[in-house]
Every structure is written in structure tokens, then in C-alpha cells.
Amino acid sequence: MSAARINDRPESLARRRIVDTATALFSLEGVRAVGIDRIIAEAGVAKATIYHHFAAKDDLVRAYIEELSKEGRAAIASLGRPPRQMILAIFDLIADAADQPGYRGCPFQNAAAEYPDPSSPVRQAIDQHRHWKWGTLRDLLIADADPDPDRTADALTVAADGLLVVSHLDRPANLRSLIRDTVDRVLGAPRPV
């Protein structure tokens, strides 16, 4: 079932407002730093409304992670380029995200730090997103005739994680060229297809 539909009905406006408000606040301040009462106040909904849609805060956090994943998947799906250029474009999206005002690090990494238990539904949603991202890179590497797509997908995932951390902590002025150089080095020379 998609996150936008509950019991095969369109998502309610109140639920959408709650998720949008939570997404903005969690992204800016962190998941644990933002309480349910603040989300209720800023979303302009009643406490009963939030608990009608989300039995607990962790359910709302999972919806936030799923929403970010859905947005990321849509952004990547819209790129439509040949495999190697697609990989570079995915990393350009990382640079774009890190360039946003108020960027405070990868929201998936931040939420994972706040939900270290691998059995947590929030952590499972993060892991699903990361597995999807790794699989997307692997599929592109296979299409690009990479000799070891699993290993290269691992290397690109590590590079992406590192670049997201560096972009938040160090804020290098040359982030975009650093990202491009890192991906080019991992991928090596273009291969004949």
C-alpha cells in the first residue's frame, strides 16, 4: 500500500499537513528534538487527529522517512539518462541537497543515529531506502558494464555517505567538483558497452 493511500482512500488533507509539518521540522531540528505537541500546533490539527493517523510518534517518523524516500525515488526516476551519466546525476542531486540553506546532514543518516535498533520500524524504513539506493546504483553499473557492480555499488554508497557528512560538517566550497571527482575515480575510465 502506498504512503499516500489509507484503506484505498485518498490521503486526507490533515494527514498530509501533519506529514509536511513533521518533515519540515524533523529536517531542520532532528527527530527527537521535535515533540508531537509542536507538530500539532504547527500543523493546526487536533491531538485526536494526529493520533487517528499515527498511533505513536515513531509511526509519524516512519512516514517522514518513507516520504523522503518517495521524493528521492521520484527525483532519480525523472533523470532519464544513460547509466554512467545517471550515476553522475544522482551524485549531483547529493550536491544539490547539501547546497540547500539550513542543510544539517543526510536526514536518513540523522534518523538512523536516533534509531539505532535495527528492528525499529523507523530503522527498517531507512534500511529499505538504502537498499533501494544501492540496488539502483548496482543496476546502473550493470548497464554500464562494470566488472564488479556489487563492489562498485558498495564503494559509491560509502562515497555518498561520506560526501553527505563532509558537506554538512566541513561545507567545502568545492563540494560539487569534489563529488564529481570522487565518482569519476570510483567508476574509472568509461567502458565500452
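Residues numbered from 1 in each chain as written. Predicted model: local features only at pLDDT ≥ 70, side-chain atom pairs only at ≥ 80, totals over all residues. Heavy atoms only, no water.

(A) Looking closely at helix α9 (residues 175–187). End to end, α9 covers 18 Å across 13 residues, agreeing with the expected 18 Å (1.5 Å per residue, within 8%). The complete set of buried residues in α9 reads L175, I179, V183 and L187. Axial view of α9: buried residues confined to an arc of 100°, hence all on one face. One or two residues past the end of α9 sits G188, with phi positive at roughly 75°. (Helix = DSSP H or I, 4+ residues; strand = E, 2+ residues; numbered from the N terminus. Expected span 1.5 Å × (residues − 1). Buried < 20%, exposed > 50% of the residue type's maximum accessible area, 1.4 Å probe, protein only. Arc of directions from axis to C-beta.)

(B) Looking closely at the confidence of the model for the protein chain. When pLDDT is averaged across the protein chain, the result is 87; 89% of the residues are at 70 or more. The least confident element of the protein chain, judged by mean pLDDT, is strand β1 (residues 5–6) at 44; the most confident is helix α7 (residues 121–143) at 96. (pLDDT = per-residue confidence, 0-100.)

(C) Structural view of the pattern of salt bridges. Applying the stated criterion across every chain yields a total of 15 salt bridges. The closest approach of N and O atoms between R138 and D150, which form a salt bridge, is 2.3 Å. Of this pair, R138 sits in helix α7 while D150 sits in helix α8 (residues 149–169), and the two are twelve residues apart along the sequence. A relative accessible area of 27% means that R138 is categorised as partly exposed. Note that D181 is salt-bridged to R185, the shortest N-O span being 2.9 Å. Here the residue D181 and the residue R185 both occupy positions in helix α9, the gap between them amounting to four residues, near one helical turn. (Salt bridge = Lys/Arg side-chain N within 4 Å of Asp/Glu carboxyl O.)

(D) Structural context of empty space enclosed by the protein. Scanning the model with the defined rule gives one cavity of 30 Å³ or more in all. Taken as a whole, the largest cavity encloses approximately 40 Å³ of empty space. Contributing to the lining of the largest cavity are F26, G30, V31, Y64, R104, P107, N110, A111 and E114. With four residues, the single largest contributor to the lining of the largest cavity is helix α6 (residues 107–114). (1 Å grid on protein atoms, 1.4 Å probe; cavity = no way out; pocket = protein on both sides within 12 Å on 5 of 7 lines; lining within 4 Å. Points joined across faces, edges and corners; volume = space filled by probe spheres on them.)

(E) The arrangement of the environment of A173 in detail. On the secondary structure map, A173 appears in the loop between α8 and α9. Owing to a relative accessible area of 87%, A173 belongs among the exposed residues under this scheme. As for A173 and D99, which are separated by 74 residues in sequence, their C-alpha atoms are 9.9 Å apart.

(F) Inspection of the layout of surface pockets at higher detail. The calculated volume of the largest pocket comes to roughly 810 Å³. Elements supplying a minimum of two residues to the lining of the largest pocket: α1 (13–29), α4 (57–77), α5 (83–98), α6, α7 and α8. Of the residues that constitute the lining of the largest pocket, the class distribution is 20 nonpolar, seven polar and five charged. (Nonpolar A, V, L, I, M, F, W, Y, C, P; charged D, E, K, R; others polar.)

(G) Fine view of the packing of aromatic side chains. Tallied over the full model, the rule gives one aromatic pair. Ring centres of F26 and Y64 lie 5.1 Å apart, and the angle between their planes is 75°; on these two criteria the pair is classed as edge-to-face. In this pair, F26 is assigned in helix α1 and Y64 in helix α4, connecting sequence segments 38 residues apart. The pair formed by F26 and Y64 is uniform in burial state, with each residue classed as buried. One residue, R32, lies across the ring of Y115, its end atom 4.2 Å from the ring centre. (Phe/Tyr/Trp six-rings, centres within 6.5 Å; stacked < 30°, edge-to-face > 60°. Lys NZ or Arg CZ within 6 Å of the ring centre and 35° of its normal.)

(H) Fine view of the nonpolar core. In this structure, F26, I39, L60, I87 and F91 are the most contacted members of the largest nonpolar core, which totals 54 residues. Within the residue set of this core, elements represented by two or more residues are α1, α2 (36–43), α4, α5, α6, α7, α8 and α9. In terms of residue count, the dominant contributor to this core is α5 (nine residues). Apart from residues lying up to four places away in sequence, L60 is in contact with I18, V19, A22, F26, I36, I39, I50 and F54. (Core = buried A, V, L, I, M, F, W, Y, C linked by side-chain atoms within 4.5 Å. Contact = heavy atoms within 4.5 Å.)

(I) View of the side chain of S69. Mapped onto the elements of the fold, S69 is located in helix α4. Polar contacts involving the side chain of S69 include one to the side chain of H129, which spans 2.8 Å. For S69, the contacting residues outside a window of four places in its chain are F108 and H129. (Polar contact = N/O pair within 3.5 Å; in protein donor to acceptor, adjacent residues only side chain to side chain.)

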